[in-house]
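Residues per chain are reported as follows:
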Amino acid sequence: MRNVVVTILVAMACATPLAAVTTVWKGPTGGGLFQDPANWTNVVPGTGVDDLAIFNATTNVDGPITFNSQVSIGDIYFQNTTGRLEMDIGDYQLLMSDKAILGTAAGQVNDVVVSSGQVQSAFIFIGNAAGSEGNSLTLSGSDTHWTTTATTASIRVGSNGGSYSALTIADGASLESQTQMIIALQGAAHNLVTVTGNGSQLSVAQSLSIGDNTSAGLPAQTDNQLQVLDGGFVTVRELIIGTTEYSPNSTVLVSGAGSRLNVRGGQQSSPSSSVGQQNDVGRASANNRLMVENHGVIDGGAIFYLGRYESSTDNLLSVTSGGSLTGTGVRINNGTLLIDQGAVTLNRIYDTQRVPPIVLGGVFRIDQPDAHVDFRSGTLTTPSAIVTNGQQFVIGDGSATPAMYRMTPDTFGSLPRGPGADTLTHTFADGLHLSSNAVLTGSGDIIANVTGVTGAHVKVGDEFGIIRVTGAWNNRRITVELQIGDLTQTQTAGVNYDLLDITGNFVHGSGSAIIIDTSLFQPAASETTFRVIGWTGQVSADVGSVLTFTGGPTMAYEFRSDGLYLTAPVALHPGDANGDGLVNLADLQILGDNWQSITATWAEADFNGDNLVNLADLQIIGDNWNFGVNTDMAFKQALEQTSLALPELGNMTWLALLLLLSNRRHGNNISED
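Residues numbered from 1 in each chain as written. Predicted model: local features only at pLDDT ≥ 70, side-chain atom pairs only at ≥ 80, totals over all residues. Heavy atoms only, no water.

Points about the overall build of the chain
Next, step 1: Helix and strand counts for the chain stand at 4 helices and 62 strands.
Next, step 2: Of all 673 residues assigned to the chain, the portion counted as buried reaches 54%.
Next, step 3: Across the chain, the fraction of contacts at a sequence separation of at least 24, relative to all contacts at a separation of at least 6, is 72%.
Next, step 4: For the chain, the computed accessible surface area is about 26000 Å², with 50% contributed by carbon and sulfur atoms. (Helix = DSSP H or I, 4+ residues; strand = E, 2+ residues; numbered from the N terminus. Buried < 20%, exposed > 50% of the residue type's maximum accessible area, 1.4 Å probe, protein only. Contact = heavy atoms within 4.5 Å. Areas by Shrake-Rupley, 256 points an atom, 1.4 Å probe, with all protein chains shown as cover.)

Some remarks on the packing of aromatic side chains
Next, step 1: Using the criterion set out here, one finds 12 aromatic pairs in the structure.
Next, step 2: Ring centres 6.4 Å apart and planes at 15° place the aromatic pair W535 and F559 in the stacked group. Taken together, the residues span a long stretch of sequence, with W535 in the loop between β58 (528–534) and β59 (537–539) and F559 in strand β61 (residues 556–560) at a distance of 24 residues.
Next, step 3: Owing to a relative accessible area of 3%, W535 belongs among the buried residues under this scheme. (Phe/Tyr/Trp six-rings, centres within 6.5 Å; stacked < 30°, edge-to-face > 60°.)

With respect to the pairing of strand β60 (residues 546–550)
Next, step 1: Residues of β60 alternate between two faces, with L547 and F549 buried on one and V546, T548 and T550 left unburied on the opposite face.
Next, step 2: Note: strand β57 (residues 513–517) against β60, 5 bridges, orientation parallel. For I514, the partnering residue across the bridge sits in β60 and is L547. (Pairing = 2+ DSSP bridges.)

Quick look at empty space enclosed by the protein
Next, step 1: Scanning all chains against the criterion turns up 1 cavity of 30 Å³ or more.
Next, step 2: Considered as a void within the structure, the largest cavity measures approximately 30 Å³ in volume.
Next, step 3: The wall of the largest cavity is formed by I76, F78, M87, L94, M96, V112, V114, L137 and W146.
Next, step 4: For the lining of the largest cavity, the class distribution of residues is 9 nonpolar, no polar and no charged. (1 Å grid on protein atoms, 1.4 Å probe; cavity = no way out; pocket = protein on both sides within 12 Å on 5 of 7 lines; lining within 4 Å. Points joined across faces, edges and corners; volume = space filled by probe spheres on them. Nonpolar A, V, L, I, M, F, W, Y, C, P; charged D, E, K, R; others polar.)

What to know about the pattern of salt bridges
Next, step 1: Applying the stated criterion to the full structure yields 16 salt bridges.
Next, step 2: A salt bridge links D374 to R376; the shortest N-O distance between them is 2.9 Å.
Next, step 3: For R376, a relative accessible area of 31% translates into the label partly exposed.
Next, step 4: Among the ionic pairs, R468 bridges to D445, the shortest N-O distance being 3.5 Å. Of this pair, R468 sits in strand β52 (residues 466–470) while D445 is found in strand β49 (residues 444–447), placing the two residues 23 residues apart along the sequence.
Next, step 5: In this structure, a network of salt bridges that share partners links the residues E238, D280, R283 and R308. (Salt bridge = Lys/Arg side-chain N within 4 Å of Asp/Glu carboxyl O.)

Thoughts on the pairing of strand β21 (residues 207–212)
Next, step 1: In terms of residue burial, β21 counts as a mostly covered element, since 6 of its 6 residues are buried.
Next, step 2: Both strand β18 (residues 180–185) and β21 contribute to a ladder of 4 bridges, which runs parallel. Bridge pairing in β21 links I182 to S209.
Next, step 3: Pairing analysis gives 4 bridges linking β21 to strand β24 (residues 238–241), with the strands arranged parallel. In the strand pairing of β24, I210 is matched with I241.

Observations concerning the environment of A400
Next, step 1: With respect to the helices, strands and loops of the structure, A400 is situated in the loop between β44 (393–395) and β45 (403–407).
Next, step 2: The exposed category is assigned to A400, whose relative accessible area is 79%.
Next, step 3: Considering only alpha carbons, one finds A400 and N437, 37 residues apart in sequence, at a separation of 6.5 Å.

Structural notes on helix α1 (residues 585–593)
Since the α-helix packs 3.6 residues into each turn, any two residues three or four apart lie on the same face.
Next, step 1: What α1 keeps buried is the set L585, D587, L588, I590, L591 and G592.
Next, step 2: Its side-chain oxygen at 3.2 Å from the backbone nitrogen of A586, N584 defines the N-terminal cap of α1. (Polar contact = N/O pair within 3.5 Å; in protein donor to acceptor, adjacent residues only side chain to side chain.)

A short note on the confidence of the model for the chain
Next, step 1: Summing up the model confidence of the chain, the mean pLDDT is 82 and the portion of residues at 70 or higher is 79%.
Next, step 2: pLDDT under 50 marks residues 642–652. Its contacts with residues more than four places away, or in other chains, come to 12 contacts.
Next, step 3: Segment residues 664–673: pLDDT under 50, and 16 contacts once partners within four positions in sequence are set aside and those in other chains are kept. (pLDDT = per-residue confidence, 0-100.)

Focus on unusual backbone geometry
Next, step 1: Residues other than glycine seldom take positive phi values, yet N294 does so here, at roughly 50°.
Next, step 2: With respect to the helices and strands, N294 occurs in the loop between β30 (289–293) and β31 (297–301).

Some words on helix α2 (residues 615–623)
Next, step 1: The complete set of buried residues in α2 reads D617, L618, Q619, I620, I621 and G622.
Next, step 2: Its side-chain oxygen placed 3.1 Å from the backbone nitrogen of A616, N614 serves as the N-cap of α2.

Re the environment of S136
Next, step 1: Tracing the backbone through its elements, the reader meets S136 in strand β13 (residues 136–140).
Next, step 2: Through-space distance from the C-alpha of S136 to that of N110 is 6.2 Å; in sequence the pair is 26 residues apart.
Next, step 3: Leave out the neighbours within four places in its chain, and S136 touches L102, N110, D111, V112, I126 and A166.

Observations concerning the side chain of Q221
Next, step 1: Along the polypeptide, Q221 turns up in the loop between β21 and β22 (225–229).
Next, step 2: A distance of 3.0 Å separates a polar side-chain atom of Q221 from the backbone nitrogen of G187.

Let's talk about the packing of α1 against α2
Next, step 1: Across the interface, α1 lies against α2 with an axial gap of 11 Å and an inter-helix angle of 175°. As judged from the angle between their axes, α1 and α2 are roughly antiparallel. Across the interface between the two elements, D587, L588 and L591 from α1 touch D617, L618 and I621 from α2.
Next, step 2: Of the residues belonging to the contact of α1 with α2, the class tally is 4 nonpolar, no polar and 2 charged. (Axes fitted to C-alpha atoms, helices over the stretch in contact; angles between N-to-C directions. Parallel < 35°, antiparallel > 145°, perpendicular 65-115°, else oblique.)

Quick word on the environment of I124
Next, step 1: Among the secondary structure elements, I124 is positioned in strand β12 (residues 123–126).
Next, step 2: Excluding residues within four positions of it along the chain, I124 makes contact with A100, L137, W146, T148, S154, I155, R156 and L175.

Looking at the side chain of T601
Next, step 1: Note that T601 resides in the loop between α1 and α2.
Next, step 2: There is a polar contact of 3.0 Å between the side chain of T601 and the backbone oxygen of S519.
Next, step 3: For T601, the contacting residues outside a window of four places in its chain are S519, L520, Q522 and D606.

In structure tokens:
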């Protein structure tokens, strides 16, 4: 075990400060306790009752301290009026059976730094008296670890009215509470906890609350903050911001790549509830903020609740600039959810430990007049939504950055399986509006009247899916994208093709667009007609609507009284990649564009179904060359345009192709070796 220097620098508030000296804790071999002069060189901490050591202006002045062994003590009080105390404990342990307190009376200002070593105490109190302002504790370095063990709130910053208190965990240090942590009690304001730097960690076994326990007549507990910055990590079971009516204007900020706040959530026991732990942004006070930005992350199994009570107004949950928030749900009573180039993902949690198993959370819920969503850009992913706040729900702000609302299926397995049976409901009582940068995607049941403007996109399904709409759908100026897949075995909506099914009027024309992606299409054995957009009533006609096919063959379509129907062609002629009934240069070009692909479809010139585009497919084109076209003209064009049509193919391949086509023209075949 190496000798380790524990530095305690305290500037003494006296007329003539002493020069810096080196103080050494020699360990219990000198006899007595931590305060025993026999165990020290130079300055000795003051002695209090019940195994109490006191660092103040009369006992420890200035200079480094080295520890040569473990320390055991009841309490340590830091009672300086000025100066800095720096502790470098190294490989040793500082064990306190009770409290570490910075500031026990008004006028005490302590700056304590622990730069290495193992520390344990029952409590940490910073700013433990009204008027004891500006106390700070800093844990720094990857060798620094502090654990608190009390059965009640073991870490208190701004503990008993001591405002401007600070706790900093930096450069890989860690602090653990085996119970609860509180920032700001009894009128304490302007307190700050910062966790910053890669590997820096704050772990709280139970709740972390900001603004708590205010007695009558005390000032408000305002402007208290938790910051997780530049790779820092904080994990708590429950987060409560603005705990009392008198603790407004508090902020939790997660910012910077690698920065993470993990709110674990879990079953709520007080009050008993069958949903996930509800974590408050403004439990009882106003103007509180939970903000994640600059690629920071908030995650866990929590329901984030904005403004639980009437007194908690104007609260903010902000996800911006590449930040992300993942949880069980979001509920807004009073306040605003802002998404601007950020990502919010809500997951239903299935608790298999319960008998019978139950669903926890999974709700995006806005149900009060003072609840707002400002969804400018980014992504909002949720399996369900209830929006009944008297306002139209708007996706996007019309900017250049997309705003995607993604409906996810119920993936935890408690609902019946089958086409459409795993989708949940998204209710927008006052309507759903798609701005020009809006993207509505996924599978789900929508209860709303839907409107949009030019530029808005609806992409049904993640691959194949169903969107069911109870309400009117005004598709003027909206682009709807649907995909048709492999119809060889079955033709089932949501399984191998997309369906937009509207129980209400479908208004289209005047700039609406429908895009059918057939790049994955594989034909059935016989001609198949199926509906891809359904409606109860049709308003306008297909005049002014643009329907296009992309990626593969076109299909016959018809606007009927109850929907848009497609008729898929039967199996295409071998070599006809684009489905136009011809085998010609267009198909040869497709083959060249996908030459040597290993994931190809028929529309990409894989005619034998092995997902490869190679000489075998070239042979098929050759065997069927000029199908449906003038043979002499087709061969002449092939000879004249080969060098322009497919420059990707090598000379030997082209030689093989010309021989192939020449033999085909004269009624012969060649084989691929």
